[in-house]
Amino acid sequence: MEKRYSQMTPHELNTEIASLSEKARKAEQHGIVNELAVLERKITMAKAYLLNPEDFSPGETYRVGDSEDEFTISYLNGVFAWGYRTSSPQQEEALPISVLQEKKQA
């Protein structure tokens, strides 16, 4: 039975990320879009478990991935940041902390 990401050591997580990245590369080469999307999500989640949630602060605003979207954290629950995108402040959502980048001043 496979371990959960939360039970893996950093070395195991890095090994899993490398394996998933290779599978994603192959899926992309073969044009299997659905499988590629699933593998990219798994990579994002595994990377979240390599980060320390305490490095992210409620009330702070971060950039979301490689997009121009900004996300303000309301609270953290494990490796998920709950809050609001600047573009849709009325809709609360959760994002893995691994997609949050470059702190902005709130």
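The rules behind these values
- Residues numbered from 1 in each chain as written.
- Predicted model: local features only at pLDDT ≥ 70, side-chain atom pairs only at ≥ 80, totals over all residues.
- Heavy atoms only, no water.
- Domains from an automatic or database assignment.
- Pairing = 2+ DSSP bridges.
- Helix = DSSP H or I, 4+ residues; strand = E, 2+ residues; numbered from the N terminus.
- Expected span 1.5 Å × (residues − 1).
- Buried < 20%, exposed > 50% of the residue type's maximum accessible area, 1.4 Å probe, protein only.
- Arc of directions from axis to C-beta.
- Contact = heavy atoms within 4.5 Å.
- Core = buried A, V, L, I, M, F, W, Y, C linked by side-chain atoms within 4.5 Å.

**As for the domain arrangement of the chain**
Then comes step 1: Domain assignment breaks the chain into domain 1 (3-47) and domain 2 (51-99).
Then comes step 2: Inter-centroid distance (C-alpha atoms) of domain 1 to domain 2 is 22 Å.

**Looking at the pairing of strand 2 (residues 70-77)**
Then comes step 1: As defined by bridge partners, strand 1 (residues 61-64) adjoins strand 2 across three bridges and the pair is classed as antiparallel. Residue pairing in the sheet places Tyr-62 in a bridge with Phe-71 of strand 2.
Then comes step 2: Taking the residues that link successive antiparallel strands as the turn, the strand 1-strand 2 hairpin has five residues, and the phi of Gly-65 there is positive, at about 55 degrees.
Then comes step 3: As defined by bridge partners, strand 2 adjoins strand 3 (residues 80-85) across six bridges and the pair is classed as antiparallel. Opposite Leu-76, over in strand 3, you have Ala-81 as the bridge partner.
Then comes step 4: Where strand 2 folds back on strand 3, the antiparallel hairpin that results is connected by two residues, among which Gly-78 adopts a positive phi of roughly 65 degrees.

**What about helix 1 (residues 10-29)?**
Two residues of an α-helix separated by three or four positions point the same way, owing to the 3.6 residues in each turn.
Then comes step 1: For helix 1, spanning 20 residues, the distance from its first C-alpha to its last is 28 Å, which sits close to the expected 28 Å at 1.5 Å a residue.
Then comes step 2: Three or more residues of helix 1 are buried, namely Leu-13, Ile-17, Leu-20, Ala-24 and Ala-27. All buried residues of helix 1 fall inside an arc of 85 degrees around its axis, so they share one side. Helix 1 presents His-11 and Gln-29 as exposed residues on the side facing more than 90 degrees away from its buried surface.
Then comes step 3: Those residues of helix 1 that are buried lie in contact with helix 2 (33-48).
Then comes step 4: Following helix 1 by one or two positions, Gly-31 has its phi on the positive side, about 70 degrees.

**Brief notes about the pairing of strand 4 (residues 88-96)**
Then comes step 1: Where strand 3 lies against strand 4, six bridges are found, and the strand directions are antiparallel. When the sheet's bridge partners are listed, Arg-85 is paired in strand 4 with Ser-88.
Then comes step 2: Connecting strand 3 to the next strand, strand 4, in antiparallel fashion are two residues.

**Here's the deal with the nonpolar core**
Then comes step 1: Ranked by internal contacts, the top residues of the largest apolar core, which has 24 residues, are Tyr-5, Phe-71, Ile-73 and Leu-100.
Then comes step 2: At the level of secondary structure, the elements contributing two or more residues to this core comprise helix 1, helix 2, strand 1 and strand 2.
Then comes step 3: Top element by residues in this core is helix 2. It accounts for six residues.
Then comes step 4: For Ile-73, the residues in contact, after removing those within four places along its chain, are Phe-56, Ser-57, Pro-58, Gly-59, Glu-60, Tyr-62, Ala-81, Trp-82, Gly-83 and Leu-100.

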